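Architecture and fold: a report
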Amino acid sequence: MSAAPAVALPDARWRPAEVAFWLAAVAAIFVFPGHLVLGSQVLITGLFALSLDLILGYAGIVSLGHAAMFGAGAYTAGLLAKHGWGEPLSGLLAAAAVGAVIAWATSFIAVRGEDLTRLMVTLGIGLMLYEAANQAASVTGGVDGLSDMAVRDLLGLFPFDLAGRTAYVYSLAVLFAVFLVCRRIVRSPFGLSLRGIRDGARRMPAIGSPVRRRLIAVYTVAGAIAGVAGALLAQTTQFVGLEVLGFSRSADLLIMLVLGGAGWLYGGLVGAALFMIAQSQLSSINPVYWQFWLGLLLVAMVFAARGGVVGAAAAARERLLRRAAR
Amino acid sequence: MNLVKTIAAVAALLFAQGARAEGTIKVGLVAEFSGPFAGYGKQIHNGIKAYMKQHGDTVAGKKVELVLKDTTGPSPEIAKRLAQDLITHDKVDFIAGFGLTPNALAVAPLATQAKTPMIIMNAASSIITTKSPYVARFSMTLPQVTEPIALWGAKNGVKRVFTIVSDYAPGLDAENAFVKSFSSQGGEVVGSVRVPLRNPDFAPFVQRAKDAKPDAVFIFVPAGEQGIAFVKAFTERGLRQAGIKLIGPGDVVDDDVLEAMGDPTLGIITTHHYSAAHDSPENAAFRKAYAEANGEGTRPNFMAVAGYDGIAAIYEVAKKLDGKIDADRAMEVIKGLKLNSPRGPIRIDPETRDIVQTVYVRRVERVKGGLYNVEFDKFPDVKDPGKPAN
Amino acid sequence: MFASLPGVLFDGVAYGSLLFLMSIGLSVTMGLMRFINLAHGAFAMLGGYVCVVGMARLGVPFLLMLPLAFIAAAAAGAVLERTLYRRLYRRSPLDQVLFSLGLTLMSVAGATYVWGSGQQPVHLPGFLLGQVRVLGVDVGVYRLFLVALVGAITAALVLLVRRTRFGARIRASVDDAQASAGLGINVTRVFSVTFTLGSGLAGLGGALAIDVLGLDPTFPLKYLVYFLLVVVVGGAGSIAGTLAASLLLGVFDVSGKYYVPAVGAFVIYGLMLVLLLLFPGGLRRGAR
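Just so you know, these numbers come straight off a predicted model, no measurement behind them. (Residues numbered from 1 in each chain as written. Chains lettered and ligands numbered in written order. Predicted model: local features only at pLDDT ≥ 70, side-chain atom pairs only at ≥ 80, totals over all residues.)

**Structural notes on the overall build of chain C**
For chain C, the helix and strand inventory stands at eleven helices and two strands. Put simply, chain C runs from its N terminus to its C terminus through helices and strands in the order α-α-α-α-β-β-α-α-α-α-α-α-α. The C-alpha radius of gyration of chain C comes to 19 Å, within 12% of the 19 Å expected for a compact globule of 288 residues. Principal-axis analysis of the C-alpha atoms gives chain C an extent of 55 × 50 × 35 Å. By the burial criterion, 54% of the 288 residues in chain C qualify as buried. Looking at chain C alone, contacts between residues at least 24 apart form 76% of all its contacts between residues at least 6 apart. (Helix = DSSP H or I, 4+ residues; strand = E, 2+ residues; numbered from the N terminus. Rg over C-alpha atoms; globule rule 2.2 N^0.38 Å. Buried ≥ 20, exposed ≤ 12 C-beta atoms within 10 Å, placed from the backbone. Contact = placed C-beta atoms within 7 Å.)

Next comes the structure, spelled out in structure tokens:
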């Protein structure tokens, strides 16, 4: 960097903790070869959570219907693969486009109004899309789901194997690529303006920042990313079930993001990992207990641990640094 | 007998390979054990437990081990992941269960990829068995149990029918099967509605049926909760007083919830492949073993009997192959397999690997012991009419 | 087809009345404390289960269980408000959503643990069953009872809000809590009493709804959308608005299912989106 910028943009260097995180994700391929199927689903959910983080953690929009874009992306990739176009990467791009279009189209009602209105609108859109997919059963397979997807080998070289290794590497690569893009976005002036909107939308026009346009833009980008996540799930499982558009997918995602900590980019990834691993372990013991303890954890978090896991870790780090500086 | 077992055990030890624990036959049970469909997995598992109580847990010198996995509901991606775990980790010899069609459809390609026989113990859509040559079904298909009620109705004075089905693939299957069959017998379908799957209130739909003045209302809703809500609406709107019959496949008067539904169910005529009141020595033995394995007073339903027959088939395969489970040979044994099930005689069609069984016409009556579906007519040897014509 | 219209309308009004009873508490909570309480359905569910247990285990007749369901839910509301909700009034909407979602999950899990995941049957007393002919239309006796009861409760609520001092305090606090506190109104107490009352009404609604909507542990999540719909469309804090929205949604939902069952489920969401576009602040505040 040459001259110091007039406004201090957030530091773009990679912290050691970040590097460790990504190295660990790669190491998992060798350390946990028997759990790569769960691993790839964790990564995909992490990507989905990342897209919610953009609109919730950085722009402050509380959405209970984010699964709409996720499901749309999944069905796009699914339908393409089913009807002859099985190439995975182009399927991702198509899904991103569809997710972006749906997000953009709904952004006009989703970003205006107060929090409760936005909540209802996002919820309503999600539910409507679910019903639409159910109705269009001849196309989507309805409740039985979309099967017979002929997904071709990745890059023409790597078939999707039973142990899930190709799926894991594929998901990790896509997640990392999208993550880099998001990291760039939030550290840019655009990203800063989003945080300004989140913290005090009424004041933003006073400094000339077009609030609605920014929100629509970030909502659209988040929609595209959610679409990619959905497509990944469809391609790696070779199946699209109706619940990709369901309310519990949106609600669980919100919980995961908050658990990990919204507004840090890593919060969604950490939250997704913790949530899904805990769920697969605990619900095999007793699913009722899982639900109860999850609810209790949420209540406790609201009162005690603001900022989720990543937020708490960052706060702890601050305290340590301050103590070291004395 | 002892000598054979000893030789088998020694041979097993000598040929021990890798992580697969010789001496056990592992069966992965993938079903719903929690959430709104928790009753499905529970009944299937209970049926299996009844069989194992009756016949012991070893066959061909090996112990049969069940590995349970909970899909929590219609969640194909979870089902697929669980099946993958069962195949790669637990190295199961069979995957079984499947209370819901979407879960079965997601796992079917795995059966082919991993060459593992897949035993369907409930899911009822016709297409499932076409998805892999390693799939065999021991439950029923909706068209199979629906067509007979159309035939029965047409022969017994039901000329005008209003159909109400849940708006999802099995519901549409049932509607198509009924309408096709009933119309071909000269009957008239005076109206049809498809009710949203998560429907809180049946009243407007039942009202509409009443206004059309049919002889009977044909109903299909998923077994359990919706049946209760529907029968309540049907009674409340006075359709019974107006002389309108209620007919359909047996899901609406599922044995699992029949007692709880109470007297409003009296007189409902349905066709299904199993009634807990079926009068046969096999069923009496089944019900006894079921009560011993699961508690006095518990009643099996059609899902339990499918679990029972499914595990019986696995035992047969194990016996015929002397404990060495090879997928292709297992499927050969299953194709054409005949069993004397508690429901009646069943066999597996060698061409489709689907079940061929007797479908009974029954009426809900109060007999000593409670409310039951009492059989009074039957259609023997019914194949699944829902398969695409070759 | 139109011969059935009065019947369908009546069914819609009955359904809407039930929605109103269950949602009015949520509406006032949101209007008064600006608190997004997704757990409201849990109070309705509590009322339902209390009713079922009272009838099945203790043999208490249905009509007597109704006020008991009200009291149980109101008591739960009072306790939770004092201990938990009160601390979150100033927190962000996200925190409120998470807290109430957590409470909901706990209540669903708790109900599953105690009563199992199946439907709870309720056996209504004989005189509430069947149909009667009113003005040439066959109407269900139970639904008639519902409409009458809810009508009476609504009238009582309106009286409470319009004619009593407490009602005046509620209205003042809804309009401007800070100014009201400045005038010496004990806003905390107003919050507490209204939350209790709202929860109690939800519990009563839950008990009444068993026969119409069914009762199982997923009740709070299943019907959450409908409650929120009513509140958002009607405008939080307004009895008239909530009533109008409930009846409107009830009639449209039932008519949609009757006349165009293929899109029945869409009608209600589509209507919500349209109304939100036209009246972003809810029916009460009118078009912007």
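**Quick word on the overall build of chain B**
A tally of helices and strands in chain B yields twelve helices and 15 strands. For chain B, the C-alpha radius of gyration of 21 Å lies close to 21 Å, the compact-globule estimate for 390 residues. Principal-axis analysis of the C-alpha atoms gives chain B an extent of 75 × 40 × 35 Å. Going through the 390 residues of chain B one by one, you find that 60% of them count as buried.

**Some remarks on the confidence of the model for chain B**
Residues and elements named next belong to chain B. Looking at chain B as a whole, the pLDDT averages 87, with 93% of positions reaching at least 70. The lowest-confidence element of chain B is helix H1 (residues 2-14), averaging 45 in pLDDT; the highest-confidence one is strand S5 (residues 118-120), averaging 96. The model gives residues 1-20 a pLDDT under 50, and that stretch makes twelve contacts with residues more than four places away or in other chains. (pLDDT = per-residue confidence, 0-100.)

**Some thoughts on the environment of Arg213 of chain A**
Residue and element names in this part refer to chain A. Assignment of secondary structure puts Arg213 in helix H9 (residues 211-237). On the neighbour-count criterion, Arg213 (10 C-beta atoms within 10 Å) is exposed. On a C-alpha basis, the gap between Arg213 and Ile225 in space is 19 Å, while along the polypeptide they are twelve residues apart.

**Let's talk about the domain arrangement of chain B**
Residues and elements named next belong to chain B. According to the domain assignment, chain B consists of domain 1 (2-140 + 279-353) and domain 2 (143-272 + 359-382). Domain 1 puts eleven residues into the contact, and the matching count from domain 2 is twelve residues. Along the lines of polarity and charge, the residues of the side of domain 1 that touches domain 2 split into four nonpolar, six polar and one charged. (Domains from an automatic or database assignment. Nonpolar A, V, L, I, M, F, W, Y, C, P; charged D, E, K, R; others polar.)

**Section: the interface of chain C and chain A**
With 30 residues of chain C at the contact, the number on the chain A side is 25 residues. When contributions to the side of chain C that touches chain A are tallied by element, the ones reaching two or more residues are helix H4 (93-115), helix H9 (219-234) and helix H11 (264-278) of chain C. Of all the elements, H4 of chain C adds the most residues to the side of chain C that touches chain A, at 16 residues. Considered class by class, the residues forming the side of chain C that touches chain A number 26 nonpolar, three polar and one charged.

**Things to note about the packing of helix H2 (residues 36-58) of chain A against helix H7 (residues 165-186) of chain A**
Each pair of packed helices can be described by the angle between their axes along with the distance between the axes. All names here are of chain A. At a minimum axis distance of 8 Å, the contact between H2 and H7 shows a crossing angle of 15°. One finds that H2 runs roughly parallel with respect to H7. Considering how the two elements wind past one another, H2 and H7 form a crossing that is left-handed. Counted together, Leu36, Gly39, Ser40, Leu43, Ile44, Gly46, Leu47, Leu50, Leu54 and Tyr58 of H2 and Arg165, Ala167, Tyr168, Ser171, Leu172, Val174, Leu175, Val178, Phe179, Cys182 and Val186 of H7 form the full contact between these two elements. Here the residues of the contact of H2 with H7 sort into 16 nonpolar, four polar and one charged. (Axes fitted to C-alpha atoms, helices over the stretch in contact; angles between N-to-C directions. Parallel < 35°, antiparallel > 145°, perpendicular 65-115°, else oblique. Left-handed = near helix turned anticlockwise from the far one by under 90°.)

**Here we look at the interface of chain B and chain C**
The partner chain C presents 25 residues to the 23 residues of chain B that form the contact. A total of six residues in the side of chain B that touches chain C trace back to one element, the largest contributor, which is helix H7 (residues 203-211) of chain B. In terms of residue class, the side of chain B that touches chain C is made up of twelve nonpolar, five polar and six charged.

**Observations regarding the packing of helix H2 (residues 40-57) of chain C against helix H3 (residues 62-83) of chain C**
All names here are of chain C. Packing of H2 against H3 brings their axes to within 8 Å, and their N-to-C directions diverge by 140°. Classified by the angle between their axes, H2 and H3 sit oblique to one another. Read as a crossing pair, H2 and H3 show a hand that is right-handed. Taken together, the residues of H3 that come into contact with H2 (itself represented by Phe43, Leu46, Gly47, Val50, Cys51, Gly54 and Met55) are Phe62, Met65, Leu68, Ala69, Phe70, Ala72, Ala73, Ala76 and Gly77. The residue inventory of the contact of H2 with H3, partitioned by class, reads 13 nonpolar, three polar and no charged.

**Notes on the sheet that holds strand S3 (residues 62-70) of chain B**
Residues and elements named next belong to chain B. Spatially, the six strands line up as an open sheet ordered S2-S3-S1-S4-S5-S6, and their pairing is mixed. In this open sheet, the two strands that pair with only one neighbour each are strand S2 (58-59) and strand S6 (135-137). Inspection of the sheet shows S5 paired to S6 by three bridges, in the parallel sense. Looking at S6, one finds that Met118 is bridged to Val135. Lying on the sheet, helix H2 (residues 38-55) is in contact with strand S1 (24-31), S3 and strand S4 (94-97); it crosses S1 at an angle near 155°. Contacts from helix H3 (residues 76-90) reach S1, S3 and S4 within the one sheet, and its direction differs from that of S1 by about 170°. (Pairing = 2+ DSSP bridges.)

**Structural notes on H9 of chain A**
Residues and elements named next belong to chain A. End to end, H9 covers 39 Å across 27 residues, agreeing with the expected 39 Å (1.5 Å per residue, within 8%). Taken across its 27 residues, H9 has 22 buried, putting it largely inside the fold. One or two residues past the end of H9 sits Gln238, with phi positive at roughly 55°. (Expected span 1.5 Å × (residues − 1).)

**Here we look at the environment of Arg208 of chain B**
Here Arg208 of chain B shows up in helix H7. By the C-beta count within 10 Å, which is 21 here, Arg208 of chain B ends up buried. Excluding its chain neighbours within four sequence positions, the residues that come into contact with Arg208 of chain B are Val193 of chain B together with Tyr258 of chain C.

**Considerations on the nonpolar core**
Counting residues in hydrophobic clusters, the biggest one holds 329 residues, and the most contacted among them are Leu47 and Val228 of chain A together with Val107 of chain B. Take this core: its biggest share by element is 16 residues, from helix H1 (residues 5-33) of chain C. Taken domain by domain, this core gets at least three of its residues from each of domain 1 (2-140 + 279-353) and domain 2 (143-272 + 359-382) of chain B. Apart from the residues within four sequence positions on either side, Leu47 of chain A is in contact with Val174, Leu175, Val178, Ile225, Val228, Ala229 and Leu232 of chain A. (Core = buried A, V, L, I, M, F, W, Y, C linked by C-beta atoms within 7 Å.)

**Quick look at the pairing of strand S11 (residues 269-272) of chain B**
All names here are of chain B. Burial along S11 is two-sided: Ile269 and Thr271 facing one way and Thr270 and His272 facing the other are all buried. Bridge analysis of S11 against strand S14 (residues 355-367) gives four bridges, and the strand direction is antiparallel. Paired with Thr271 across the strands is Val361, a residue of S14.

**Section: unusual backbone geometry**
One non-glycine residue, Ala60 of chain B, adopts positive backbone phi at about 50°. Of note in this structure, Lys213 of chain B is not a glycine but carries a positive phi near 50°.

**A short note on the confidence of the model for chain C**
Across chain C, the average pLDDT comes to 85, with 95% of residues at 70 or higher. Two numbers describe this predicted complex: its pTM, 0.83, and its ipTM, 0.83.

**Considerations on the pairing of strand S12 (residues 338-341) of chain B**
All names here are of chain B. In this sheet, strand S13 (residues 344-348) lies alongside S12 in antiparallel orientation, the contact comprising four bridges. Across the sheet, the residue bridging to Leu339 is Ile346, located in S13. Hairpin connection from S12 to S13: two residues lie between these consecutive antiparallel strands.

**Describing helix H3 (residues 67-82) of chain A**
With 16 residues, H3 of chain A should cover 22 Å at 1.5 Å per step; its first-to-last C-alpha distance of 22 Å lies within 8% of that length. One or two steps after H3 of chain A, the chain reaches Gly84 of chain A, where phi turns positive at roughly 110°.

**Details of the environment of His123 of chain C**
Summarising the element assignment, His123 of chain C is placed in the loop between H4 and strand S1 (131-134). Given 13 C-beta atoms within 10 Å, His123 of chain C falls into the partly exposed group.

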